[in-house]
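Chains, contacts and geometry: an overview
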Amino acid sequence: SQTIHQWPATLVQPVGSPLSLECTVEGTSNPNLYWYRQAAGRGLQLLFYSVGIGQISSEVPQNLSASRPQDRQFILSSKKLLLSDSGFYLCAWGWNEQFFGPGTRLTVL
Amino acid sequence: GQQVMQIPQYQHVQEGEDFTTYCNSSTTLSNIQWYKQRPGGHPVFLIQLVKSGEVKKQKRLTFQFGEAKKNSSLHITATQTTDVGTYFCCSSNTGKLIFGQGTTLQVKP
């Protein structure tokens, strides 16, 4: 069966610090991978998606970037965090039906 | 671009009462999906509807897709405390999910 992992589960970072969130998927090959952000009490906003290694599409201009160095690894990064980057970051795989990881709660202070 | 609007944003019901959330789009949708997110958790896929006028049931949950494929509803009969959470509708467009804002359901025991 397929499983999706995200870490860390929670993170508190100062403004201006770098960020690296990792997502890995097991039990499937060449999955479509997605990064979403959910602000407190809000819906999900698609940030990036990838259909293969090295292929990244950005949905909204922002302070973040994504990379896919391996088939089942998806990384969300920032060089300098902003207060507005706080939120719940969710990685997902799939196509029409998507399967979400447990998420990372990021607080930027 | 395509948008999916969802109402109400919040709903408080007494345990045993019914609950309905509505999803609307100004454009024809190829499909509609519903996800549930428990407090502190990640979204979990519930169901997908693809046919005009389609109705599907999962125990006390009834999902409908409108005849024009522009709206959908989720109805819960006789709510229980385990139904608490946020229910999202979304539509997929070439593998990208467009989420509604979600309806957060609170159930008073």
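Refer to the structure presented above.
Just so we're clear, the structure is a prediction, and the values are computed from it rather than from any experiment. (Residues numbered from 1 in each chain as written. Chains lettered and ligands numbered in written order. Predicted model: local features only at pLDDT ≥ 70, side-chain atom pairs only at ≥ 80, totals over all residues. Heavy atoms only, no water.)

Topic: the overall build of chain B
So the rule is basically this: Helix and strand assignments come from DSSP, with helices taken as H or I runs of at least 4 residues and strands as E runs of at least 2, each series counted from the N terminus. Taken over C-alpha atoms, the radius of gyration is set against a globule rule of 2.2 Å times the number of residues to the power 0.38. Classification of residues uses two cut-offs on accessible area relative to the type maximum, computed with a 1.4 Å probe and protein chains only: under 20% is buried, over 50% is exposed, and between them is partly exposed. For accessible areas, the Shrake-Rupley method is used with a probe of radius 1.4 Å. Any residue's cover is judged against the shown protein chains and nothing else. For this count, His and the chain ends are skipped, Lys and Arg are scored as positive, and Asp and Glu as negative. The location of each charge is read from NZ of Lys, CZ of Arg, CG of Asp or CD of Glu.
Within chain B one finds zero helices and eleven strands. Computed over C-alpha atoms, the radius of gyration of chain B comes to 13 Å, within 12% of the 13 Å expected from 2.2 N^0.38 for 109 residues, which places it in the range of a compact globule. Across its three principal axes, chain B shows a C-alpha extent of roughly 40 × 25 × 20 Å. Going through the 109 residues of chain B one by one, you find that 48% of them count as buried. Of the roughly 5300 Å² that chain B leaves accessible, carbon and sulfur atoms contribute 50%. Counting 11 positive and 6 negative side-chain charges, chain B places the averaged centre of each group 9 Å from the other.

Focus on the interface of chain A and chain B
As a reminder, the rule being used: The contact criterion used throughout is that any non-hydrogen atoms of two residues lie within 4.5 Å. Each of two parts loses accessible area, computed with a 1.4 Å probe, when they are put together; buried area is these two losses added. The salt bridge definition used is simple: a Lys or Arg side-chain nitrogen within 4 Å of an Asp or Glu carboxyl oxygen. Throughout this entry, Asp, Glu, Lys and Arg are counted as charged residues, while Ala, Val, Leu, Ile, Met, Phe, Trp, Tyr, Cys and Pro are counted as nonpolar. The remaining residues, Gly among them, count as polar.
Contacts between the two partners involve 20 residues from chain A and, on the opposite side, 21 residues from chain B. In total, about 1500 Å² of surface goes out of reach between chain A and chain B, with carbon and sulfur atoms giving 54% of it. Three residues, Leu44, Asn96 and Phe100 of chain A, lead the burial of chain A against chain B; their summed loss comes to 34% of the area buried on that side. Counting every contact that joins chain A to chain B gives one salt bridge. At the level of elements, strand S4 (33-38), strand S5 (44-52), strand S9 (87-94) and strand S10 (98-100) of chain A are the ones that each hand at least two residues to the side of chain A that touches chain B. Across the side of chain A that touches chain B, the residue classes break down as ten nonpolar, six polar and four charged.

Notes on the state of the cysteines
Basically, it comes down to this: Throughout, disulfides are identified as pairs of cysteine sulfur atoms within 2.5 Å of each other.
Scanning the entire structure with this criterion turns up two disulfides over all chains. Here Cys23 of chain A is linked by a disulfide to Cys91 of chain A, with a sulfur-sulfur distance of 2.0 Å. Its S-S torsion of approximately -75° makes the covalent link between Cys23 of chain A and Cys91 of chain A left-handed. Of the two residues, Cys23 of chain A is situated in strand S3 (residues 19-26) and Cys91 of chain A in strand S9; the sequence distance between them amounts to 68 residues. A single burial state applies to Cys23 of chain A and to Cys91 of chain A, both of which are buried. Put simply, Cys23 of chain B and Cys89 of chain B are joined by a disulfide, and their sulfur atoms are 2.0 Å apart. The sign of the S-S torsion, about 75°, decides the handedness of the disulfide formed by Cys23 of chain B and Cys89 of chain B: right-handed. Highlighted residues: Cys23 of chain B in strand S3 (residues 19-24) and Cys89 of chain B in strand S9 (residues 85-93), separated in sequence by 66 residues. For Cys23 of chain B, a relative accessible area of 1% puts it in the buried group. The class of Cys89 of chain B is buried, set by a relative accessible area of 0%. For Cys90 of chain B, which is in no disulfide, the shortest distance to another cysteine sulfur is to Cys89 of chain B and amounts to 7.1 Å.

In short, geometric facts, not functional conclusions.
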